[in-house]
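Observations on the model geometry
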Amino acid sequence: MDGAIRVFAAVTTDLVNEAHRIHGTYPVATAALGRLLTGAAIMGAAGLKSETDSITLQIKGEGEIKDLVAVSDCMSHVRGYISNPYIDRPLNKNGKLDVGGAIGGGYLSVARDLGLKEPYIGQIPLTTGEIAEDLTYYFAKSEQIPTSIALGVLVDTDNSVIAAGGFMVQLMPEATEEMAESLEEILRAAPPVTSMIQEGMTAEDILFRVTEGFPMLCENKSITPEYRCTCSKERMERALVSIGKEELQGIIDEQGEAELTCRFCDNKYLFNKQDLLELLEQAKG
């Protein structure tokens, strides 16, 4: 009520299930991609204003997951991909899916494209590879905002997603030391995000659960997180033109056609020889 704390929460079960369906991920990869997609959905809604703005979270790992990406707009329309969807690892020492072990070391970068000449990019070394902790560290290091992020993905025995979601709590300049300590105790005692979702809690329920005892006001600006790719044949045409006339001529001479696959949604786009000749003229122009 006094502007000292702000909190965002999301239930992303359907979104993460769609990502699992598209990429055919095994449980560890589902958890890794699902956490990053959820983080992007929350940060997109929290930090972007215009529908043309976007935020890209990218993890470059040193383990089995070399590349993990999630992109969101201000309406939490999210897309992403993982370089190795078929990871099979034993559970970690806490009996959880070993996302941190699969990522290993590496770094996290956050790029905000706000329609300016260059996107704003912040980068940090990974602290645990568990993603929520790394995003929390990113806010502390790159944006100097005291933040707590929790992300969870619960995978069923058939590899589908039972529950997925997360929340982000931030302390604003008006917050006092006492508020910070009280909030820390509440968050420490809060159940896992997936447990709250399994109990039937909505995103709004989670908002009030993780700020219990504080006089909070819900702005009710709810949106529905959704897996949505922005690929199209026109975008693929621009990609082919951008490789240059020499390389395009080589494809025409050697293959006579080209098939491009979108890494975000697995849609395939076929270009026959006539299509490529037309694009070659554009490239020459």
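The notes below deal with the structure included here. (Residues numbered from 1 in each chain as written. Predicted model: local features only at pLDDT ≥ 70, side-chain atom pairs only at ≥ 80, totals over all residues. Heavy atoms only, no water.)

Considering the sheet that holds strand 2 (residues 54-61)
Put simply, the test is: Pairing between strands requires that DSSP locate at least two bridges from one strand to the other. Put simply, DSSP marks the helices as runs of H or I at least four residues long and the strands as runs of E at least two long, and each gets a number from the N terminus on. In what follows, residue pairs with any heavy atoms lying within 4.5 Å of each other are defined as contacts. Interaxial angle, 0 to 180 degrees, is taken between N-to-C directions of lines fitted to C-alpha atoms, where a helix line uses only the stretch in contact.
Taken in spatial order, the six strands line up as 6-5-2-3-4-9 in an open sheet, and their pairing is mixed. The open sheet has two edge strands with one neighbour each: strand 6 (120-125) and strand 9 (226-227). Alignment of strand 4 (residues 77-82) against strand 9, held across two bridges, turns out to be parallel. Along strand 9, the bridge assignment pairs Val 78 with Tyr 227. Across the sheet, helix 4 (residues 132-142) lies against strand 2, strand 5 (106-113) and strand 6, angled at about 115° from strand 6, the strand it touches most.

Here's the deal with the packing of aromatic side chains
Where two aromatic rings form a pair, the distance of their centres and the angle of their planes describe that pair. To keep things clear, this is the line we draw: To pair, rings of Phe, Tyr and Trp, with the six-membered ring standing in for Trp, must have centres within 6.5 Å; the planes then decide the type, stacked if under 30 degrees apart, edge-to-face if over 60, and tilted in the middle. Only protein chains enter the area calculation, which uses a 1.4 Å probe; residues under 20% of their type maximum are buried, those over 50% are exposed, and those in between are partly exposed. Only when the NZ atom of a Lys or the CZ atom of an Arg is both within 6 Å of the ring centre and within 35 degrees of the ring normal do we say a charge sits over the ring.
By the definition in use, this model includes three aromatic pairs. Ring plane angle 75° and centroid distance 5.4 Å describe the contact between Tyr 138 and Phe 139, whose orientation is recorded as edge-to-face. You can call Tyr 138 buried: its relative accessible area is 0%. According to the relative accessible area criterion, Phe 139 is buried, its value standing at 3%. Stacked on the ring of Phe 264, the Lys or Arg Arg 79 has its end atom at 5.1 Å from the ring centre. One Lys or Arg, Lys 233, reaches over the ring of Phe 271 and ends 5.0 Å from the middle of that ring.

Thoughts on the pattern of salt bridges
The line we're drawing: One speaks of a salt bridge when a side-chain nitrogen belonging to Lys or Arg is within 4 Å of a carboxyl oxygen belonging to Asp or Glu.
Tallied over the full model, the rule gives twelve salt bridges. Put simply, Glu 184 and Arg 188 hold a salt bridge, and the shortest N to O gap is 3.1 Å. With Glu 184 and Arg 188 both in helix 5 (residues 177-189) and four residues apart, this pair spans about one turn of that helix. Classification of Glu 184 as partly exposed rests on a relative accessible area of 47%. Across the salt bridge formed by Glu 281 and Lys 284, the nearest N and O atoms sit 3.9 Å from each other. Highlighted residues: Glu 281 and Lys 284, both in helix 10 (residues 273-284), separated by three residues, approximately one helical turn. Given the relative accessible area of 48%, Lys 284 is considered partly exposed. Among the charged side chains, a network of salt bridges with common partners joins Glu 64, Arg 89 and Asp 98.

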